[in-house]
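Results of the structural survey
Spelled out from the first residue to the last, the chains are:
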Amino acid sequence: MNGGMFNNTAYAALGGVSALAGSGVISLCSQRSCNSCFACIGAISSLGAMFIVKKIIEKVQVKSEDYNVETKP
Amino acid sequence: MKYTGISKAALNRRNFIILISALLFLPPLSLIPQFALEPNMCGQVCPKLFLIIPQGQDILGKMWVNIKSMWFGASLVAVIITVTLFFGRLWCGHICPVGGLPELIGRFIPEALKINFSWMNAPAFRYGYAGIFIFASFFGIGSIACKLCNFRVIPFLTGAPFEGAYAAYIGSSMGIAGLLTVLLTGVFAKGGRAYCNLLCPVGALDGMSNYLGTKFGFSKKLITDKTMCNGCGSCVSECIMWARKMDDHGKAETNRLSCLTCLRCAKVCSEGAIRYERGNV
């Protein structure tokens, strides 16, 4: 369904790497090893804000396209 | 809409069971964990930690010690997998409060704000993640248990308004990371089940048990009559586990490693092409 052997292997590897990367970052966080808590939280918040703005822009664009289609003769 | 045997009441019943289960398993009541003298789903109730294969000599002996110290969680997982083999995914799909609560809360979030992970090959990712979860210690690269663990974060979240220790954990760096995990892979994810689909080792075992149960005909499964499917894709967008996908001929089909048998797809199918029963079409 989701592609062949290569696709499965690639995603399984991605899962494994995500597990290691995620737990590694959280280990650093819990030990306060890097002392960049605010930088990290700021980066994550910025990404979240960008995501929300992108969604809003997409929604506005879709609405204006609908309006144009409806008003054209 | 054609009759598929799936009523709205059946879907509401599932929501109700998840809420009851949250009351039974999660703080402040934690009625079921209290049988193991635990206040939440950590410690003896943990359903994940005993799965880890330790490093060094006498691996089986060490695993047995882990199973004994987490006897309640280990028994729970054994029961879950056995029940799934013969009766389908009752735990993951209908009872688990850790997966169910974010799904229910996520329904109040506008779809436009949801993150869509459905492009991912979720089963492969999940088993890659579960493989590292189980074997990381064995290969000497540390343990990822207790990190990004929703079985810890969600009980602590529901307990936070009632107990200072829970609130303090949520304020810690581990708690904030866990909270972000719950938000990104639960409440704000399409379907509200990205954690179950991508990161839960218990779900990975349960999905495999469901696959075997349906393959050998022990349990019921979703059967799509492809002669009736008109390829509208409404079941694909409704599926909370991204288990419904279109095949090469434009007909929908189910991935049984992911399907929770919540039956929402059967409810929305205008052609009545999806049935929940034993056998093949």
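Residues numbered from 1 in each chain as written. Chains lettered and ligands numbered in written order. Predicted model: local features only at pLDDT ≥ 70, side-chain atom pairs only at ≥ 80, totals over all residues. Heavy atoms only, no water.

**Considerations on the pattern of salt bridges**
All names here are of chain B. Counted by the stated rule, this structure contains nine salt bridges over all chains. Measuring nitrogen to oxygen at the nearest pair gives 2.9 Å for the salt bridge that ties Arg89 to Asp206. Taken as a pair, Arg89 in the loop between helix H3 (71-87) and helix H4 (90-95) and Asp206 in helix H11 (residues 201-215) lie far apart in primary sequence, 117 residues in all. In this structure Arg89 comes out as buried when scored by relative accessible area, which is 3%. With a closest N to O distance of 3.2 Å, Lys114 and Glu111 form a salt bridge. The class of Lys114 is buried, set by a relative accessible area of 6%. When salt bridges with common partners are traced through the structure, they connect Arg14, Glu103, Arg107 and Arg193 into a single cluster. (Salt bridge = Lys/Arg side-chain N within 4 Å of Asp/Glu carboxyl O. Helix = DSSP H or I, 4+ residues; strand = E, 2+ residues; numbered from the N terminus. Buried < 20%, exposed > 50% of the residue type's maximum accessible area, 1.4 Å probe, protein only.)

**Topic: the domain arrangement of chain B**
Residue and element names in this part refer to chain B. Under the domain assignment, chain B is made up of domain 1 (8-213) and domain 2 (220-277). Between the C-alpha centres of domain 1 and domain 2 there is a distance of 25 Å. On the side of domain 2, 19 residues touch domain 1, which itself brings 28 residues to the contact. Counting the surface lost from both domain 1 and domain 2, the interface buries some 1,900 Å², and carbon and sulfur atoms represent 58% of this. For domain 1, the biggest contributors to the area lost against domain 2 are Leu11, Arg89 and Lys190; these three give 25% of the whole. Inspection of the domain 1/domain 2 interface yields nine residue pairs in polar contact (both at pLDDT 80 or more). (Domains from an automatic or database assignment. Contact = heavy atoms within 4.5 Å. Buried area = accessible area lost by both parts, 1.4 Å probe. Polar contact = N/O pair within 3.5 Å; in protein donor to acceptor, adjacent residues only side chain to side chain.)

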